[in-house]
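Descriptive analysis of the structure
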Amino acid sequence: MRLLCALIFALIMPPAPPAGAQALAVEALAVITDLPRPAESRHLLELRVVLLDGSWNRGEITNALGEASRILGHCGIHNTRIDLLRVTAPQAQRHFDPPHSRQLARALDLPRPTLFFTAGTRQIPAYDAVAYGRSNSRRSPELESTVWIAPGARDLGIVIAHELVHVLMDSGEHVTTPGNLMAEETAPGNTGLTAAQCGRITTTGTRHGLLRPGVD
Ligand SMILES: [Zn+2]
């Protein structure tokens, strides 16, 4: 997979950091634009991907993002651009932990949807991945349209696609249809999406400004 590298460094200060707090360092690693293009490209998606921990393998993530893009392509969604960022944050913000993750998301203020690859989760129960749509982020608006993935999540491409569907659909719903992407437990081969699911994904995703209509 070809990467167009944009070697831009920027420092973002969180709002009113406590004395002695470590600032966030944001490094743009790559802009990925050669993602799989669906046969019919009717909805355009752009993503931000933030690496919060050095244990993540960049090649593995890039491959998984390609797989997720291919899965969403079944709904005519073309993922046209991914901005891959490395963020060096204070230790407390490297794990998924809602109060700290809210601070981080507020300080970064990135366009949505954004995926965060964390150092782990401090949430109980500890899920491998968590997604916030609009309806489950009313009390924590900084987390709207974000996904938080912990190391060890299996079938990473499927996990990414599954969590993005929760965000785009603004729904935590799971289905029991065999082979469907939205089964509660992600599994290899579970990549199917029905026409009805695609309709909800693209209608809600467009209404929430996460998808743009049109052929690129
Ligand atoms: Zn789910």
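Conventions adopted
Per chain, residue numbering runs from 1 following the sequence as it is written. Note on the predicted model: pLDDT of at least 70 is required for a residue's local features to be given, and 80 or more for side-chain atom pairs to be given and counted; whole-chain, interface and lining totals, by contrast, use all residues. A helix here means a DSSP run of H or I that spans at least four residues, while a strand means a run of E at least two residues long, and both kinds are numbered starting from the N terminus. Partly exposed residues are those whose C-beta has more than 12 but fewer than 20 other C-beta atoms within 10 Å; 20 or more makes a residue buried and 12 or fewer makes it exposed, with C-beta atoms placed from the backbone. When DSSP finds two or more bridges between a pair of strands, those strands are recorded as paired. A score between 0 and 100, pLDDT records how confident the predictor is in each residue. Distance between backbone-placed C-beta atoms decides contact: two residues are in contact if it is within 7 Å. Put simply, a nonpolar core is a cluster of buried Ala, Val, Leu, Ile, Met, Phe, Trp, Tyr and Cys residues tied together by C-beta atoms within 7 Å.

Moving on: unusual backbone geometry. The linkage connecting Arg112 with the following residue, Pro113, adopts the cis geometry, with an omega of 0°. Mapped onto the secondary structure, Pro113 falls in the loop between α2 (98-108) and β5 (114-117). Cis geometry is adopted by the peptide bond preceding Pro125, which originates at Ile124 and carries an omega value of -5°. On the secondary structure map, Pro125 appears in the loop between β5 and β6 (129-132). The phi dihedral of Asp109 falls on the positive side, at around 50°, and the residue is not glycine. Note on Asp109: 10 C-beta atoms within 10 Å, which makes it exposed.

Of the two faces of β5, both are covered, the one formed by Thr114 and Phe116 as well as the one formed by Leu115 and Phe117. In terms of strand pairing, strand β3 (residues 43-51) meets β5 through four bridges, oriented parallel. Bridging from a neighbouring strand, Leu51 pairs with Phe117 of β5.

Attention shifts here to the confidence of the model for the protein chain. On average, residues of the protein chain score 90 in pLDDT, and 89% of them reach the 70 mark or higher. Low pLDDT (under 50) marks residues 1-16, which in the prediction has 27 contacts with non-local residues, meaning those over four places away or in another chain.

What follows deals with the pairing of strand β7 (residues 146-149). Burial along β7 is two-sided: the residues Thr146 and Trp148 and Val147 and Ile149 are all buried. Where β6 lies against β7, four bridges are found, and the strand directions are antiparallel. The partner of Ala129 across the bridge, within β7, is Ile149.

It is worth spelling out the environment of Ile158 at this point. Note that Ile158 resides in helix α3 (residues 156-169). When the C-alpha positions of Ile158 and Gly189 are compared, they lie 8.6 Å apart, and in sequence the two are 31 residues distant. Setting aside residues no more than four positions away along its own chain, Ile158 makes contact with Leu181, Thr186, Asn190 and Thr191.

What follows is about the nonpolar core. In terms of nonpolar packing, the biggest core is built from 55 residues, with Val49, Val50, Leu115, Val147, Ala161 and Leu164 touching the most fellow members. Looking at which element gives the most residues to this core, the answer is α3, with nine residues. Ignoring anything within four residues of it in the chain, the contact list for Ala161 reads Ala68, Ile71, Leu72 and Leu181.

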